[in-house]
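Secondary and tertiary structure notes
In case you want the letters, here they are:
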Amino acid sequence: SYTVERTASRPSLGGIDQGSLYELRAPGVMTIGAAFRINRYVQLSSQLDYVRYSEIEAFVRPGGATSGRYAMSNGLEPRFGVEASLPLGRASLQLRTGAYGQAPGSFVYSGPDANEAAAFRGSNRRVLGAAGASLVLAGGLTMDVGGTIGGDRSELAAAARFRF
């Protein structure tokens, strides 16, 4: 966890927050997983995370709602994947794909303030997909590409490495 300082001002109101300290941290996670190799070329894997989102405490900004409660529920996040490894002469190609069930993980406000209730409605569970490939050459060069679809945005990454 990290301690961060927040300051805020507004010319018409003067200093709104002259330097509050907050704790910034990631929630704890408990994980269990298993993998099963079907044959020399294909492997299935799974993982189940229990994410303790309730460890994250909301802070009320100066001027914010003073009554009500902000809360996050803990969540189960399953992951499933499959990888195929295909020999190609003096090279090898790995293809992988998977799915990730992401728990809501966002604050919900319960209280009398309609604006806060509208801003902190919570979110729904969502499923993210991923796929990737690696080409490993006999000389030590590896090229990787992978991406995710879903969630807040889709992402794509590519890399190359040389092992000597």
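Look up: the structure comes first, before these words.
Residues numbered from 1 in each chain as written. Predicted model: local features only at pLDDT ≥ 70, side-chain atom pairs only at ≥ 80, totals over all residues. Heavy atoms only, no water.

Quick word on the packing of aromatic side chains
The condition is simple: Each Phe, Tyr or Trp ring (for Trp, its six-membered ring) is paired with any other whose centre lies within 6.5 Å, and the angle between the two planes then decides the class: stacked below 30 degrees, edge-to-face above 60, tilted in between. By definition here, charges over rings are those cases where NZ of Lys or CZ of Arg is within 6 Å of the ring centre and within 35 degrees of the ring normal.
In this structure the tally under the stated criterion is 3 aromatic pairs. Here the aromatic cluster, defined as three or more aromatic residues joined through ring pairs, consists of Tyr-70, Tyr-109 and Phe-120. The positively charged end of Arg-79 is found above the aromatic ring belonging to Tyr-100, 4.0 Å away from the centroid.

So, the environment of Ser-85
Put simply, the rule is: A helix here means a DSSP run of H or I that spans at least four residues, while a strand means a run of E at least two residues long, and both kinds are numbered starting from the N terminus. Burial classes: relative accessible area under 20% of the type maximum marks a residue as buried, over 50% as exposed, and values in between as partly exposed (1.4 Å probe, protein chains only). Only heavy atoms matter for contacts: two residues are in contact if any of them lie within 4.5 Å across the pair. Between N or O atoms, a polar contact is any pair within 3.5 Å; within protein, one atom must be a potential hydrogen donor and the other a potential acceptor, and residues adjacent in sequence are included only when both atoms are from side chains.
With respect to the helices, strands and loops of the structure, Ser-85 is situated in strand β6 (residues 75-88). Take Ser-85: its relative accessible area is 23%, and that puts it in the partly exposed class. Sequence-wise, Ser-85 and Val-42 are 43 residues apart; in three dimensions their C-alpha atoms are separated by 6.4 Å. Those residues within four positions of Ser-85 in sequence are excluded, and the remaining contacts are Tyr-41, Ser-92, Leu-93 and Gln-94. In this structure the side chain of Ser-85 is engaged in a polar contact, spanning 3.1 Å, whose partner is the side chain of Gln-94.

Considerations on the side chain of Gln-102
Its place among the elements puts Gln-102 in strand β7 (residues 91-102). For Gln-102, the side chain forms a polar contact with the side chain of Arg-126, separated by 2.6 Å. In contact with Gln-102, not counting residues within four places along its chain, are Glu-77, Arg-125, Arg-126 and Leu-128.

What about a nonpolar patch on the surface?
Heads up, the rule is: Patch definition: residues above 30% relative accessible area lacking any salt bridge, with like charges linked at up to 9 Å and the nonpolar side chains Val, Leu, Ile, Met, Phe, Trp and Tyr linked at up to 5 Å. In short, Shrake-Rupley with a 1.4 Å probe defines the accessible areas, and a residue's cover is counted only from the protein chains shown. Salt bridge, as used here: a side-chain nitrogen of Lys or Arg that lies within 4 Å of a carboxyl oxygen of Asp or Glu.
On the surface, a nonpolar cluster with roughly 460 Å² of combined accessible area is contributed by Met-30, Ile-32, Leu-48, Tyr-50 and Leu-76. Those elements that place two or more of their residues in the nonpolar patch are β3 (29-37) and β4 (42-51). Locating Met-30 in the fold gives a position in strand β3. Met-30 sits in the partly exposed class, given a relative accessible area of 46%.

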